[in-house]
Amino acid sequence: MFERLAKQAEILENTWVTHLLGLLPYDVAQLIAREPDEIANDYGEVKKILLKRYKLTPEKFRQKFFMHNKNLGSTWKNFAYELGSLFNEWVNAVKADSFEKLSNLIITDQIKRKVCQELKDHFIDEWSKLNSPDDLVEKLDDYDTLRSTFRSKQQRKEWHYDKQNSLKDDSAFTTNEKKRLYGIAHNERVNQNATTVLISDTLQGPVRCQNQF
């Protein structure tokens, strides 16, 4: 906004710093005044100091560009200029100084808009620095591959665990069945032996009686 007003007022660029200092808070103006003369009198260097001071990173300019709205009472011409200024600040901050770099920047941003929050959080430390579509998609594909591999291993592990539990249950059931069947067979043998003894005693009884006479 300052640059636009300065141009409209036809203020010479080499005097921009002087005019700008009068508009800044006292502590910020003092911060610039403490710099060497070659920096304090250079509008480009002063601008860098202000951007750093207010933490206006490339990502901030990108957000401002896409979220900027037309102010009530403002003209569409002013709105277009404001968007252009924010866009230029964003582009200059990432040094997209050629058509190829600008194209990569816009394509990369479009890809980022399609990425889920989980991926953004995973690459949070380098997200704003990923301005090349090739670099971005390589990282995204690597992440998807690793995630798929991990899920596959996890599923196999869970299947193996469930299978072990199933085998344990089958083993326990078989053992119980064996015990039950063994008990039945054992009872049947005991009953069979008892019947045999009873029949034998019955047959031997009369023989002994005949011998007695």
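Residues numbered from 1 in each chain as written. Predicted model: local features only at pLDDT ≥ 70, side-chain atom pairs only at ≥ 80, totals over all residues. Heavy atoms only, no water.

Where an unreviewed UniProt entry is consulted, the chain appears under the name SCAN box domain-containing protein, with the organism given as Araneus ventricosus.

*Asks:* Explanation requested: the overall build of the chain in the structure shown.
*Replies:* Check the secondary structure of the chain and you find 10 helices and 0 strands. Traced from its N-terminal end to its C-terminal end, the chain shows the element sequence α-α-α-α-α-α-α-α-α-α. In the chain, of all internal contacts separated by at least 6 residues, the share reaching a separation of at least 24 is 43%. Split by element, the accessible area of the chain, about 16,600 Å² in all, is 56% carbon and sulfur. (Helix = DSSP H or I, 4+ residues; strand = E, 2+ residues; numbered from the N terminus. Contact = heavy atoms within 4.5 Å. Areas by Shrake-Rupley, 256 points an atom, 1.4 Å probe, with all protein chains shown as cover.)

*Asks:* Could you clarify how one ought to interpret the layout of surface pockets in this entry?
*Replies:* Gaps between atoms show up when a probe of the same size as a water molecule is rolled over them. Space inside the second largest pocket adds up to approximately 370 Å³. Taken together, 16 residues form the lining of the second largest pocket, with Lys48, Leu51, Asn92, Ala93 and Lys95 sitting closest to its centre. Listed by contribution, the elements that provide at least two residues to the lining of the second largest pocket are helix 5 (43-53), helix 6 (58-67) and helix 7 (76-93). With 5 residues, the top contributor of residues to the lining of the second largest pocket is helix 5. Of the residues that constitute the lining of the second largest pocket, the class distribution is 7 nonpolar, 3 polar and 6 charged. Two domains each put at least three residues into the lining of the second largest pocket: domain 1 (1-54) and domain 2 (58-72 + 79-152). (1 Å grid on protein atoms, 1.4 Å probe; cavity = no way out; pocket = protein on both sides within 12 Å on 5 of 7 lines; lining within 4 Å. Points joined across faces, edges and corners; volume = space filled by probe spheres on them. Nonpolar A, V, L, I, M, F, W, Y, C, P; charged D, E, K, R; others polar. Domains from an automatic or database assignment.)

*Asks:* Mind showing me how you'd approach the packing of aromatic side chains here?
*Replies:* The geometry of an aromatic ring pair is captured by two quantities: the separation of the ring centres and the angle between the planes. Under the counting rule described, the total for this entry stands at 8 aromatic pairs. Relative to Phe87, the ring of Phe65 has its centre 5.3 Å away and its plane inclined at 50°; by these criteria the two rings are tilted. Placement of Phe65 in helix 6 and of Phe87 in helix 7 is noted, with a sequence separation of 22 residues between them. On the accessibility criterion, Phe87 (21% relative accessible area) is partly exposed. Centroid distance Phe123 to Tyr143: 6.1 Å. Interplanar angle 65°. Geometry classified as edge-to-face. In this pair, Phe123 is assigned in the loop between helix 9 (117-122) and helix 10 (133-212) and Tyr143 in helix 10, connecting sequence segments 20 residues apart. On the accessibility criterion, Tyr143 (15% relative accessible area) is buried. Put simply, the rings of Phe65, Phe66, Phe87 and Trp90 pair up and form one aromatic cluster. Just above the ring of Phe66 sits the side chain of Arg113; from NZ or CZ to the centre is 3.9 Å. (Phe/Tyr/Trp six-rings, centres within 6.5 Å; stacked < 30°, edge-to-face > 60°. Buried < 20%, exposed > 50% of the residue type's maximum accessible area, 1.4 Å probe, protein only. Lys NZ or Arg CZ within 6 Å of the ring centre and 35° of its normal.)

*Asks:* I tried to follow the packing of helix 6 against helix 7 on my own but got confused; where do I start?
*Replies:* The geometry of a pair of packed helices is captured by two quantities: the angle between their axes and the separation between those axes. Look at helix 6 against helix 7: their axes get within 8 Å of each other, and the N-to-C directions meet at 155°. As the angle between them shows, helix 6 and helix 7 are arranged roughly antiparallel. Of the two possible hands of crossing, helix 6 and helix 7 adopt the one that is left-handed. Of helix 7, the residues touching helix 6 (which contributes Pro58, Phe61, Arg62, Lys64, Phe65 and Phe66) are Leu83, Leu86, Phe87, Glu89, Trp90 and Ala93. The residue makeup of the contact of helix 6 with helix 7, split by class, is 9 nonpolar, no polar and 3 charged. (Axes fitted to C-alpha atoms, helices over the stretch in contact; angles between N-to-C directions. Parallel < 35°, antiparallel > 145°, perpendicular 65-115°, else oblique. Left-handed = near helix turned anticlockwise from the far one by under 90°.)

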